[in-house]
Each structure stands twice: as structure tokens, then as C-alpha cells.
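A structural walkthrough
So you can see what is in the structure, the chains are spelled out below.
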Amino acid sequence: MGLLSKKDSKLIMDPLADNNPITIQVLGICSALAITAQLKPSIVMAISVMFVMGVGNVVISLMRNIIPSKIRIIVQLVVVATLVIIVDQVLKAFAYSLSKELSVFIGLIITNCIIMGRFEAFALANGTWRSFLDGIGNALGYGVILIIVGFFRELLGSGTLFGFKVLGDPVEKTGLYAIGYENNGFMVLPPMALIVVGIIIWVQRSRNKDLIED
Amino acid sequence: MEHIELFFKSVFVDNMVFAYFLGMCSYLAVSKKVSTAVGLGAAVIFVLAITVPLNWLLDQYLLQEGALTWLGPDFADYDLSFLSFIMFIATIATMVQLVEIIVEKFSPSLYNSLGIFLPLIAVNCAILGGSLFMQSREIETLGLALNYGIASGIGWFLAILAIAAIREKIRYSNVPAPLRGLGITFIITGLMAIGFMSFGGMLTGGEDEATEESKEDTVGMVSTIETTNELTDTDLSLELKEDINK
């Protein structure tokens, strides 16, 4: 990348694979799994988190020398909460049905551990531009997992992607359904999100032996 | 009756961890040993029992549309609900600090067992989630809000206790290397969540309201049970009619 130095591009690329916030650092699973039954809410969630993390990291990084360390958690919470309110109001104004679907999980971005974790570990100690890149990188790593999980759950669970019937019509028995394929309704239910993430972790760690625990 | 129903619903059917994945971060990070899991679980029950009723009061008398009427008729039109995220999280963060100070002062032994977990809890999704669900489900009275807080805390406690016990045992099993640690924990949690889904049928005998809500929550599971009930009912009545005809 010409625009970014090698060190900077590492900030973006690392969280995408070997230091992924969800599968390696185990942060931010709370709000991630419940909304991945379909692809569209997963993408909206990923974009929301990217906005909150990018801007939040910049704000915290700008203020890092004037925040007293004793009350830094409260300051961080206020910054995140403000950004999340912006996201929530924008969604309510422009995508009301989607914001109903995501219900409380937009609000729960506030307590998303990735955000607080990056504030603590990176933005409080680094410059503005690097903090911004770090925020975007981690949000991308988070978004990638969300989109993978959402993709498989929607495809296998309802046979659609973004609401389009890619596998044919289950009622009129076209496409794959003509030869006896059935939707696996189980994939839509919450427990399967956990199992899909478990399988992603399995695949990732068997490809990269360094990541294996114990 | 209302209280008992809400209690069991929050502990089992709408379990924080298994139905909504709330508080997963600390659930996965602190579940390696049963003793620490119990400490964190107790702290979660404690904090939820305090913050949910408190946020209920805030919601009722400050944030909801028309909540400010007690200030005078001029304020009846205000709707401050967009502020609820920041108010709730501020309440939670201050309450956690306050609880920490009070417990340290009055019960050092309790502080020693709970103390290290309290700061962790301010950013636990289960706590904020409890308040947000309380708001979105429009819980009616302060008593019910308290009940909801305690019950969802107990649900979370049960979940972390169970997974900690399983993880202590699984250390002696031969798990495939890439799955060790995190991966297998995810899959076990998934299996436990499937188990907990069977509690979804628990409330079908209740009032219509309750079944309607749980219908949404458990994705039609309850409704299928209901339809089968209806079917048997109609079958019975048909048989009865035939009997009468005879």
C-alpha cells in the first residue's frame, strides 16, 4: 500500500487474521452473535461498530493527555455512549425496520469489549492517525467474522442471501429444492451462531498452528 | 403469579447467555475455574439487582415520553428516551463504583471475594442488556423490575457455573488440538443453549400475553406446541360430538 507505511498497514491487516478480535482475543462476542441470523443486519452491525471504533479511537487519542487515569473508564463510556446514540438515531431515521430488528443490540455496542479494549490498549498510548487505523482494522476483523457467520446462517437456514432466494423457492420446489433439498431451520436459532463461530475458530487454528492454546 | 412467571421466564427461557449471548466476554474469560466463576456470577446478580430497578425509576420518571409531567404540565411533551443509553451506562458505572466502596467499607470479606470482579462488571453486556431489555419490554412495576434484575442475574450465574464446571472436567479429555480452549467452549455453549431451548415450552400453559412474548423469543417453537394443543383440543371435541350423536 502506497498510502500507508508498512507499520501502519500492519495495524489494519493484523486484526483481520492472526489477531482477530473475535476468534483470537475473544472480545466483543456479546453483541455479535445474536444478530447474525441474516446477512443484512450483520453488515449494518459491522458498519456501526466501524464508525464507533474509528471515531471513538480518534477522540480518545486526542484526549489521552488530559484524561485523569482514575476516571478514564467513565470518560471512555461517555464517548462510546455518545457515538452509539448517534448511530442509533441515524438508524431510526433512515432504516427504521432494521433498527427494530437490531433492537437493544445497537445499544449494546457501548459495552462491546472490543471498543473498550482498544481504547485501553491502544488509543490511550498512541497518536491520532495510528489510533484511527487501529480502530478501523479491528472493526474490520470483527465485521469479517460477523459477515461469515451471517452468510452461512442465512444461506443454510433460510436459503436466501440479503433476502434473495439464491437456492430456489422452497414452496414451489424450484432450484435445489426440486431435488429434495430442505432448509435447516436450526441454523436460524441462536445456538447455531455459537457452533458456527466454534467451527471458524477450528478452521483458523488448524491452518495456523501457532494459535493453538495450551 | 405474575412474579413467579417473570422469574422463571428470565432464568430459563430468556436466559441472558443462552438466548441473547449477553456477557459473553466475561463468560468466556472467567470460566476457567468454578471458584472464580461463582464470584463473578454473584457479583452480576448483585449489580443487576441494584441497577435494573434504579434504571426503571430513571426510565419512568425522566426518560419516557411524557415522563416529566411530574414537573408540571409544560413538560408533558418531552421525550428524552434518546438519552437512555448514556443515562443507563452512567448509572451502571457509578453504581458499580459506589457498591465497590460501600462493600469495601462494611464487609471486607465480601470485598475480597467480589472486589476484583466489580470493575469488570461495569462493561459487562449483561448488565446494560438487563436495563435495555427492561426498557424495551415495558416492565410495569418497580417490584417486577427488581424481580427481573435478580432473575436474569441468576440465569447468568447458572450459565457461568455450568460452563466452568464443564471446562474443569474437559481438561482431561482428548480434544482436537485446534479446538482446545476457546473453540470447544463455544461449541459446548451452543449445545447447552440447545438444551435450554427446551425450557421454551414451559410457559405455554400461561396467559395469552406470556405465550405471545415467548413466541417471538423462541422463534415459533412455542407456537408449534400451541398448534398441536389446539389440534388435540379439536380432536377431543369432535370425539365428544360423535359420542353425543351416538
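Residues numbered from 1 in each chain as written. Chains lettered and ligands numbered in written order. Predicted model: local features only at pLDDT ≥ 70, side-chain atom pairs only at ≥ 80, totals over all residues. Heavy atoms only, no water.

Inclusion rule: UniProt positions are given in the numbering used here, feature names are shortened, and annotations may be inferred rather than shown by experiment.
Naming follows an unreviewed UniProt entry, where chain B appears as Na(+)-translocating NADH-quinone reductase subunit E of Winogradskyella bathintestinalis. If you open the UniProt record of chain B and go to Catalytic activity (unreviewed entry), you find "a ubiquinone + n Na(+)(in) + NADH + H(+) = a ubiquinol + n Na(+)(out) + NAD(+)". Recorded in UniProt under Function (unreviewed entry), the annotation for chain B is "NQR complex catalyzes the reduction of ubiquinone-1 to ubiquinol by two successive reactions, coupled with the transport of Na(+) ions from the cytoplasm to the periplasm. NqrA to NqrE are probably involved in the second step, the conversion of ubisemiquinone to ubiquinol."

As annotated in an unreviewed UniProt entry, chain A carries the name Na(+)-translocating NADH-quinone reductase subunit D and comes from Winogradskyella bathintestinalis. In its Catalytic activity (unreviewed entry) section, UniProt records this for chain A: "a ubiquinone + n Na(+)(in) + NADH + H(+) = a ubiquinol + n Na(+)(out) + NAD(+)". Comment text from UniProt for chain A, heading Subunit (unreviewed entry), reads "Composed of six subunits; NqrA, NqrB, NqrC, NqrD, NqrE and NqrF."

1. So, the overall build of chain A
Applied cut-off: Runs of H or I in DSSP of at least four residues are treated as helices and runs of E of at least two as strands, each being numbered from the N terminus. A simple rule labels every residue: compare its accessible area, found with a 1.4 Å probe on the protein chains alone, to the largest value its type can have, and call it buried under 20%, exposed over 50%, or partly exposed in between. Exposure was quantified through the Shrake-Rupley algorithm and a 1.4 Å probe, taking into account, for residues, occlusion by the shown protein chains and nothing else. Working convention for charge: Lys and Arg count positive, Asp and Glu count negative, and His plus the chain ends are omitted. For the purpose of locating charges, the reference atoms are NZ of Lys, CZ of Arg, CG of Asp and CD of Glu.
The helix and strand tally for chain A stands at 8 helices and 0 strands. The secondary structure elements of chain A, listed N-terminal to C-terminal, are α-α-α-α-α-α-α-α. Taking the principal axes of the C-alpha coordinates as reference, chain A spans close to 65 × 45 × 35 Å. Within the span of chain A, comprising 214 residues, buried residues form 53% of the whole. When the accessible area of chain A is evaluated, it comes to approximately 9,700 Å², of which 67% is carbon and sulfur surface. Within chain A, the 14 negative side-chain charges are centred at a point lying 7 Å from the centre of the 17 positive side-chain charges.

2. Quick notes on the layout of surface pockets
Unfilled space is identified by rolling a water-sized probe across the atoms. All names here are of chain A. Where we set the bar: Both site types are read off a 1 Å grid over the protein atoms alone. A 1.4 Å probe that fits but cannot get out defines a cavity, while an open set with protein on both sides within 12 Å along at least five of seven lines defines a pocket; lining residues have an atom within 4 Å of a point. Grid points are joined across faces, edges and corners, and a volume is the space filled by probe spheres set on the points. Each residue gets one of three labels, nonpolar for Ala, Val, Leu, Ile, Met, Phe, Trp, Tyr, Cys and Pro, charged for Asp, Glu, Lys and Arg, and polar for the others, Gly among them.
Taken as a whole, the largest pocket holds about 1,600 Å³ of empty space. The biggest single contributor to the lining of the largest pocket is helix H4 (residues 96-102), with 5 residues. Here the residues of the lining of the largest pocket are counted per class, giving 25 nonpolar, 12 polar and 13 charged.

3. Structural notes on the interface of chain B and chain A
The line we're drawing: Contact criterion: two residues are considered in contact whenever any of their non-hydrogen atoms come within 4.5 Å of each other. The term buried area refers to how much accessible surface (probe radius 1.4 Å) is lost by two components on association, counted for both of them together. Think of a salt bridge as a Lys or Arg side-chain nitrogen and an Asp or Glu carboxyl oxygen that are within 4 Å of each other. What qualifies as a polar contact is a pair of N or O atoms within 3.5 Å, subject to a donor-acceptor requirement within protein and to the restriction that residues adjacent in sequence count only when both atoms come from side chains.
Facing the 41 residues of chain B at the interface are 42 residues of chain A. For the pair chain B and chain A, the summed buried area comes to about 3,600 Å², and 85% of that belongs to carbon and sulfur atoms. Joining chain B to chain A, the criterion identifies 0 salt bridges. At the junction of chain B and chain A, the tally comes to 0 residue pairs in polar contact (both at pLDDT 80 or more). Counting only elements with at least two residues in the side of chain B that touches chain A, the list comes to helix H2 (16-20), helix H3 (24-29), helix H5 (84-106), helix H8 (125-136) and helix H10 (182-197) of chain B. Top element by residues in the side of chain B that touches chain A is H10(B). It accounts for 10 residues. Classifying every residue of the side of chain B that touches chain A gives 32 nonpolar, 8 polar and 1 charged.

4. Details of the UniProt feature "transmembrane region" (unreviewed entry) in chain A
Residue and element names in this part refer to chain A. UniProt marks residues 43-62, 74-96, 102-119, 140-164 and 184-203 with the feature "transmembrane region" (unreviewed entry), using the numbering shown here. Along residues 43-62 the backbone is 100% helical and 0% strand, and the end-to-end C-alpha distance reaches 29 Å. The distance from the first to the last C-alpha atom of residues 184-203 is 22 Å, and the span holds 70% helix and 0% strand.

5. Describing the UniProt feature "transmembrane region" (unreviewed entry) in chain B
Within this structure's numbering, the places UniProt gives as "transmembrane region" (unreviewed entry) are residues 6-30, 37-58, 78-103, 110-133, 145-166 and 178-199 of chain B. Secondary structure content for residues 6-30 of chain B is 76% helix and 0% strand, while the C-alpha to C-alpha distance between its ends is 28 Å.

6. Here we look at the packing of aromatic side chains
Convention followed: For Phe, Tyr and Trp, where Trp contributes only its six-membered ring, two rings pair if their centres lie within 6.5 Å, and the inter-plane angle classes them as stacked under 30 degrees, edge-to-face over 60, or tilted in between.
Tallied over the full model, the rule gives 10 aromatic pairs over all chains. When the centroid spacing of 6.0 Å and the interplanar angle of 20° are considered together, the rings of Trp129(A) and Phe132(A) count as stacked. Of this pair, Trp129(A) and Phe132(A) are both found in helix H7 (residues 128-158), 3 residues apart, which corresponds to roughly one turn of the helix. Overall, the relative accessible area of 47% leaves Trp129(A) in the partly exposed class. The rings of Phe7(B), Phe8(B), Phe12(B), Phe18(B), Phe196(B) and Phe199(B) are connected pair by pair, giving a single aromatic cluster.

7. Description of the environment of Asp77(B)
Its place among the elements puts Asp77(B) in the loop between helix H4 (34-63) and H5. With 67 residues separating them along the chain, Asp77(B) and Leu144(B) place their C-alpha atoms 27 Å apart.

8. Let's talk about the pattern of salt bridges
Tallied over the entire structure, the rule returns 4 salt bridges over all chains. Among the ionic pairs, Asp88(A) bridges to Lys92(A), the shortest N-O distance being 3.4 Å. Placement of both Asp88(A) and Lys92(A) in helix H3 (residues 72-94) is noted, with a separation of 4 residues, approximately one turn of the helix. Across the salt bridge formed by Lys9(B) and Asp14(B), the nearest N and O atoms sit 3.1 Å from each other. Its relative accessible area of 6% is what places Lys9(B) among the buried residues. For Asp14(B), a relative accessible area of 6% corresponds to the buried category. Through salt bridges with shared partners, a single ionic network connects Lys9(B), Asp14(B) and Arg137(B).

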